[in-house]
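Close look at the chain arrangement
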Amino acid sequence: MTPALKKAIDQITNEIAILAGDIFKDDKISRNPKVNKNTLRKKAKDVNVSWRAANGNIVIEAYFDNYITFLEKGRAPRKGKFPPLDELRDWALSRNIPSDNSTLFLIARAIWRDGHEGRPILATLEEKIDRKFETEWYDQLFEATIDELNKYFN
């Protein structure tokens, strides 16, 4: 892999991390309507985006906290099972909330009872990534690939 292609992929990876962080900071997307504030703003620093080569392809991976899928989908009141206590334990510990089973059960019951509105974090990120590929990144990758081919054949 040429330095130009590596540089383009590094830049795309860094920009995806920035896009994800911006979504967490965006009050329109990450605001928790129950408490009327953005409870995810500090999570912007926890986004981890990296890339690797696998079977001749470039794979860009973005890692978020494991509860992101619960936030994404939302939850209707009094539907389904209680949220898993193990998932709530990590969340409680990160916020200095007691993490004993009794407390976690009460939190799980409140989430089940009240439900919560989904926050389209991953859907918004996917949309922004698609837009960046269409407007910038494909061109960067094309130029880097042409540069690589020119160096190979010349």
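Analysis parameters
- Residues numbered from 1 in each chain as written.
- Predicted model: local features only at pLDDT ≥ 70, side-chain atom pairs only at ≥ 80, totals over all residues.
- Heavy atoms only, no water.
- Helix = DSSP H or I, 4+ residues; strand = E, 2+ residues; numbered from the N terminus.
- Buried < 20%, exposed > 50% of the residue type's maximum accessible area, 1.4 Å probe, protein only.
- Contact = heavy atoms within 4.5 Å.
- Areas by Shrake-Rupley, 256 points an atom, 1.4 Å probe, with all protein chains shown as cover.
- Lys, Arg positive; Asp, Glu negative; His and termini not counted.
- Charge placed at Lys NZ, Arg CZ, Asp CG, Glu CD.
- Axes fitted to C-alpha atoms, helices over the stretch in contact; angles between N-to-C directions.
- Parallel < 35°, antiparallel > 145°, perpendicular 65-115°, else oblique.
- Nonpolar A, V, L, I, M, F, W, Y, C, P; charged D, E, K, R; others polar.
- Expected span 1.5 Å × (residues − 1).
- Arc of directions from axis to C-beta.

1. Examining the overall build of the protein
- From N to C terminus, the protein includes six helices and four strands.
- For the protein, the α and β elements follow one another from N to C terminus as α-α-β-β-β-β-α-α-α-α.
- Projected onto the principal axes, the alpha-carbon positions of the protein cover approximately 70 × 25 × 25 Å.
- Of all 154 residues assigned to the protein, the portion counted as buried reaches 31%.
- In the protein, the share of contacts with a sequence separation of at least 24, taken over all contacts with a separation of at least 6, comes to 60%.
- As displayed, the protein offers around 10,300 Å² of accessible surface, 53% of which is attributable to carbon and sulfur atoms.
- In the protein, the 26 positive side-chain charges and the 24 negative ones have mean positions that sit 10 Å from each other.

2. Some details on the side chain of Glu61
- If you trace the backbone, Glu61 turns up in strand S4 (residues 57–63).
- Those residues in contact with Glu61, other than ones at most four positions away along the chain, are Asn48, Val49, Ser50 and Arg52.

3. Looking at the packing of helix H4 (residues 85–94) against helix H5 (residues 101–114)
- For the pair H4 and H5, interaxial distance at closest approach is 10 Å and the crossing angle is 105°. In terms of their interaxial angle, H4 and H5 are classed as roughly perpendicular. Of the residues in H5, those in contact with Leu85, Leu88, Arg89, Trp91 and Ala92 of H4 are Asn101, Leu104, Phe105, Ile107, Ala108 and Ile111.
- Classifying every residue of the contact of H4 with H5 by side-chain character gives nine nonpolar, one polar and one charged.

4. As for unusual backbone geometry
- Its identity as a non-glycine residue notwithstanding, Asn36 has a phi of 55°, on the positive side.
- The topology assignment puts Asn36 in the loop between strand S1 (31–32) and strand S2 (37–38).
- Here the phi dihedral of Arg78 falls at roughly 60°; this positive angle occurs in a residue that is not glycine.
- The class of Arg78 is exposed, set by a relative accessible area of 51%.

5. Structural notes on H5
- The terminal C-alpha atoms of H5, which comprises 14 residues, lie 20 Å apart, in line with the 20 Å expected from a rise of 1.5 Å per residue.
- Those residues of H5 lying buried are Leu104, Ile107, Ala108 and Ala110. Taken end-on, H5 shows its buried residues confined to a sector of 160°, consistent with a single buried face.
- Residues of H5 that are buried make contact with H4.
- Positioned one or two residues after H5, Gly115 has a phi angle of 65°, which is positive.

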